[in-house]
Amino acid sequence: MNSPINIAIFASGNGTNMQAITDFFAHRPEAGVRPALVVSDNPEAYVLRRAEKEGIPSVVLSKSSLGNRDEVMPILEAHRVGYIILAGYLRLVPEFLLEAYPGKILNIHPALLPKYGGKGMYGHHVHESVKAAGEEVTGITIHEIDADYDRGKIVFQAETPIDPVADSPEDIAAKVHLLEHEFFPKTIGEWIARKEAQK
């Protein structure tokens, strides 16, 4: 049997997507994907407690550390990380990581790109903008990343109807989270399988 493909999950907050990803692959050993490391830029992030509970190694890296190839790469190499998953990670990925993992870094955005993307458009900022615009549909975009915020190759999108009058930004966020947890883990597995088949 081939060794599992190790992924690093980068997250800045609660870690519900990290949990969904971990649960998904724990029940699908045939997928051959294993969360091997959690990386956070926030020492208070609840995702670190989730990682501890799941027995997944974690590391907290400051903004300056995250920008330092000599600090980051040895950690990823030590955990034999093959792919990086951004799951609620708010910082721009440094260029050296894009070079080290070309086409192997996947992000999830809580809107239907190219709408409501770009610098500063994350979390509640996105849902408030969707509400203010009177949208009747929102959703998620799962995409590879490049040097620009939210501009990489789109891998998958899913939509959900929203009520432009009755739904609050919090209501919109709840509907988007359901899509994230349903589709992100599955899409990661399919995306990695395609990448590995292309080798």
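Everything here concerns the structure above.
Once a new chain begins, its residue numbering starts again from 1 and follows that chain's sequence as written. Predicted model: local features are reported for residues with pLDDT of at least 70 only, side-chain atom pairs are reported and counted for 80 or more only, and whole-chain, interface and lining totals are derived from all residues. Note that the side-chain values use all heavy atoms of the structure and ignore hydrogens as well as water.

### Considering the nonpolar core
Here is step 1 of the chain: The nonpolar core is taken to be a set of buried Ala, Val, Leu, Ile, Met, Phe, Trp, Tyr and Cys residues, with the residues joined through side-chain atoms within 4.5 Å. Residue exposure (1.4 Å probe, protein chains only): buried if accessible area is under 20% of the type maximum, exposed if over 50%, otherwise partly exposed. One finds Ile7, Ile21, Ile85, Ile140, Phe184, Ile188 and Ile192 to be the most contacted residues of the largest nonpolar core, which totals 37 residues.
Here is step 2 of the chain: Helix and strand definitions follow DSSP, with helices as H or I runs of at least four residues and strands as E runs of at least two, each counted in order from the N terminus. Here this core takes eight residues from helix α7 (residues 169–197), the largest share from any one element.
Here is step 3 of the chain: Any two residues whose heavy atoms approach within 4.5 Å at even a single point are treated as in contact. When neighbours within four sequence positions are excluded, Phe184 is seen to be in contact with Asn17, Ile21, Ile85, Leu86, Ala87, Leu106, Asn107, Ile108, Ile142 and Leu179.
Here is step 4 of the chain: Val39, Leu61, Val93 and Tyr101 belong to the second-largest nonpolar core, a separate cluster that totals 21 residues.

### Brief notes about the pairing of strand β6 (residues 137–144)
Here is step 1 of the chain: Of all eight residues making up β6, seven are buried, and the element is well covered by its neighbours.
Here is step 2 of the chain: At least two DSSP bridges between two strands are required for those strands to pair. In the sheet, strand β5 (residues 105–109) pairs with β6 via four bridges, with the strands oriented antiparallel. Looking at β6, one finds that Ile108 is bridged to Ile142.
Here is step 3 of the chain: Both β6 and strand β7 (residues 154–161) contribute to a ladder of seven bridges, which runs antiparallel. Within β7, the position partnered with Thr141 by the bridge is Gln157.

### Digging into helix α2 (residues 47–54)
Here is step 1 of the chain: For α2, every residue scored as buried is listed here: Val47, Leu48, Arg50 and Ala51. Down the axis of α2, the buried side of the element spans an arc of 160 degrees, and every buried residue falls inside it. Of the exposed residues in α2, those oriented more than 90 degrees away from the buried face are Arg49, Glu52 and Lys53.
Here is step 2 of the chain: In this structure, the buried residues of α2 make contact with α1 (16–26), β2 (33–40) and β3 (58–60). It is the directions from the helix axis to the C-beta atoms that the arc portrays.

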